[in-house]
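A structural walkthrough
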Amino acid sequence: VQLQASGGGFVQAGGSLRLSCAASGRTFSRYGMGWFRQAPGKEREFVATISFSGGTASYSDSVKGRFTISRDNPKNTVYLQMNSLKPEDTAVYYCAAKFQSILVTATTLVDYWGQGTLVTVSS
């Protein structure tokens, strides 16, 4: 599967952005999907993940209550709604897919990566 992330940009602290990740292929609904991020000089870290049907989601503690992951299987797209953004959310955000997995919570579990989209939050 190929993943194309979009929606990054520049926003002031407290603002919102919605990231999208469009997937190719006809088996999107069989992939657990996730979002990860990588800030300058830091390792890539887990942000959020969602199950095949969208019925189960999980978040890192740093974004819980502010970010919401969702998916639209007929459109082969996963979203990340980011509210109350903070400067420490600044990073390149990557969408990720794991075949036949309910959730994908670690970089070592990922089968496919998108190309990344930059989110910059100013203070």
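No experiment lies behind these values; they were computed from the predicted model shown.

1. With respect to the overall build of the protein chain
Counting its regular elements, the protein chain contains zero helices and 11 strands. Starting at the N terminus and ending at the C terminus, the protein chain contains elements arranged as β-β-β-β-β-β-β-β-β-β-β. Since a compact globule built from 123 residues should have a radius of gyration of about 14 Å, the 13 Å found for the protein chain is in line with a globular shape. With 123 residues in all, the protein chain has 43% of them scored as buried. Nonlocal contacts in the protein chain, meaning residues at least 24 apart in sequence, comprise 60% of its contacts between residues at least 6 apart. Taken as a whole, the protein chain presents about 6100 Å² of accessible surface, with 48% of it coming from carbon and sulfur. Between the mean site of the 12 positive side-chain charges and the mean site of the 7 negative ones, the protein chain shows a separation of 7 Å.

2. What to know about the nonpolar core
When a protein is soluble and globular, its nonpolar side chains tend to lie buried together. Counting 28 residues, the largest nonpolar core has W35, L80, M82 and Y93 as the members making the most contacts within it. With near-sequence residues (within four places) excluded, L80 lies in contact with L17, R18, L19, W35, V47, A48, F67, T68, I69 and Y93. The next biggest cluster of nonpolar side chains, apart from the first, holds five residues, and it includes F36, F46, A96 and V110.

3. Quick look at the sheet that holds strand β8 (residues 77-82)
The four strands are arranged β1-β3-β8-β7 in an open sheet whose pairing can be described as antiparallel. Two strands close off the open sheet at either side, each with one partner strand: β1 (3-6) and β7 (67-72). Each strand of the sheet is rotated relative to its neighbour by a mean of 15°, with strand direction disregarded. With six bridges connecting them, strand β3 (residues 17-23) and β8 associate as antiparallel partners. Along β8, the bridge assignment pairs R18 with Q81.

4. Thoughts on the pattern of salt bridges
The tally for this structure, following the rule as stated, stands at five salt bridges. With a closest N to O distance of 3.3 Å, K64 and D61 form a salt bridge. Both residues of the pair, K64 and D61, count as exposed. A salt bridge links D111 to K98, with the shortest nitrogen-to-oxygen separation between them at 3.6 Å.

5. Remarks on the side chain of S60
Tracing the sequence through the fold places S60 in the loop between β6 (57-59) and β7. When near neighbours in sequence (up to four residues on either side) are disregarded, S60 contacts F46 and V47.

6. Re the pairing of strand β11 (residues 117-122)
In the sheet, strand β2 (residues 9-12) pairs with β11 via four bridges, with the strands oriented parallel. Among the inter-strand pairings, V11 is bridged to a residue of β11, identified as V121. In terms of strand pairing, strand β9 (residues 91-99) meets β11 through three bridges, oriented antiparallel. Bridging across to β11, Y93 finds its partner in T117.

The rules behind each value
- Residues numbered from 1 in each chain as written.
- Predicted model: local features only at pLDDT ≥ 70, side-chain atom pairs only at ≥ 80, totals over all residues.
- Heavy atoms only, no water.
- Helix = DSSP H or I, 4+ residues; strand = E, 2+ residues; numbered from the N terminus.
- Rg over C-alpha atoms; globule rule 2.2 N^0.38 Å.
- Buried < 20%, exposed > 50% of the residue type's maximum accessible area, 1.4 Å probe, protein only.
- Contact = heavy atoms within 4.5 Å.
- Areas by Shrake-Rupley, 256 points an atom, 1.4 Å probe, with all protein chains shown as cover.
- Lys, Arg positive; Asp, Glu negative; His and termini not counted.
- Charge placed at Lys NZ, Arg CZ, Asp CG, Glu CD.
- Core = buried A, V, L, I, M, F, W, Y, C linked by side-chain atoms within 4.5 Å.
- Pairing = 2+ DSSP bridges.
- Axes fitted to C-alpha atoms, helices over the stretch in contact; angles between N-to-C directions.
- Salt bridge = Lys/Arg side-chain N within 4 Å of Asp/Glu carboxyl O.

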